[in-house]
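Structural features, examined
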Amino acid sequence: MPQTPEEESLGSLIARASDHISELVRSEIKLAKAEFRFDAKRVGMAGGMFAAAAFMAHLCLILASFTIAYVLAQWMPQWAAFLIVTVFYLLVAGLLVFIGIRRLKGLAGMKRTTRSIKGLREIATPEDQTLPALTPDREPVTRDGA
């Protein structure tokens, strides 16, 4: 005959609650794994699509470069037209490198995280309690106690 919660012992109630909590945690982990697999597949497919689009855009850039060079070749020698297009792309690449370097120099280097961790360390160790400093005259203790 099942007992009512008022009649059950504290130990059995805790055991049941523990079982329920571990079942809930296992179910949550299963759900998280299923969601992660689904999202990972979608992200992988999207990444492949972006890579294919980038490759196609690169091919279009090459073809557009030839088109621009051949249009310029109508008014100047062909070698000069292709040289102009090449120099233009070199200037754009140099500008992008310059901007990238400037952006890297502006990195802060996790200052807020460092400040937060220092704050946690100050909270964890009270001001009046300081850690004892190791003195050089003390030798380390070995396994045999000597």
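Coordinates for the structure precede this section.
Below is a summary of the structure that appears in this document. Here the structure is a predicted model, which means the values were calculated and not measured.

1. Examining the overall build of the protein
From N to C terminus, the protein includes three helices and zero strands. If you list the helices and strands of the protein from N to C, you get α-α-α. Per-residue burial over the protein gives 4% buried out of 146 residues. Per element, the accessible surface of the protein, about 13,900 Å² overall, is 68% carbon and sulfur.

2. Digging into the side chain of Ser65
Mapped onto the fold, Ser65 is located in helix H1 (residues 10-72). Ignoring sequence-local partners within four residues, the contact set of Ser65 consists of Val85 and Tyr89.

3. Quick word on helix H2 (residues 78-105)
Over its 28 residues, H2 runs 41 Å from end to end, which matches the ideal 40 Å to within 8%, given 1.5 Å per residue. Taken together, the buried positions of H2 are Ala80, Ala81 and Val85. Check the buried side of H2 and you find it contacts H1.

4. A look at the packing of aromatic side chains
Going through the model one piece at a time under the given rule, you end up with three aromatic pairs. Measuring from centroid to centroid gives 5.3 Å for Tyr70 and Phe82, while their planes differ by 90°, and the two rings are edge-to-face. In this pair, Tyr70 is assigned in helix H1 and Phe82 in helix H2, connecting sequence segments twelve residues apart. Residue Tyr70 is classed as partly exposed on the basis of its relative accessible area, which comes to 45%. The class for Phe82 is partly exposed, based on a relative accessible area of 25%. Feature note: the residues Phe66, Tyr70 and Phe82 constitute an aromatic cluster, connected by ring pairs.

5. As for a nonpolar patch on the surface
Judged by side-chain polarity, Phe55, Met56, Leu59, Ile62, Phe66 and Tyr70 come together as a nonpolar surface patch covering roughly 590 Å² of accessible area. Tracing the chain through its elements places Leu59 in helix H1.

6. Concerning the packing of H1 against H2
Where H1 contacts H2, the two axes come as close as 8 Å, and the packing angle between them is 135°. With respect to each other, H1 and H2 are oriented oblique. Two packed elements cross with a definite hand, and for H1 against H2 that hand is right-handed. Residues Leu61, Ser65, Phe66, Ile68, Ala69, Tyr70 and Leu72 of H1 lie in contact with H2, whose contacting residues are Gln78, Ala81, Phe82, Ile84, Val85 and Tyr89. Its residues assigned to classes, the contact of H1 with H2 shows eleven nonpolar, two polar and no charged.

Rules used in this analysis
Residues numbered from 1 in each chain as written. Predicted model: local features only at pLDDT ≥ 70, side-chain atom pairs only at ≥ 80, totals over all residues. Heavy atoms only, no water. Helix = DSSP H or I, 4+ residues; strand = E, 2+ residues; numbered from the N terminus. Buried < 20%, exposed > 50% of the residue type's maximum accessible area, 1.4 Å probe, protein only. Areas by Shrake-Rupley, 256 points an atom, 1.4 Å probe, with all protein chains shown as cover. Contact = heavy atoms within 4.5 Å. Expected span 1.5 Å × (residues − 1). Phe/Tyr/Trp six-rings, centres within 6.5 Å; stacked < 30°, edge-to-face > 60°. Patch = residues over 30% accessible without salt bridge, like charges linked within 9 Å, V, L, I, M, F, W, Y side chains within 5 Å. Salt bridge = Lys/Arg side-chain N within 4 Å of Asp/Glu carboxyl O. Axes fitted to C-alpha atoms, helices over the stretch in contact; angles between N-to-C directions. Parallel < 35°, antiparallel > 145°, perpendicular 65-115°, else oblique. Left-handed = near helix turned anticlockwise from the far one by under 90°. Nonpolar A, V, L, I, M, F, W, Y, C, P; charged D, E, K, R; others polar.

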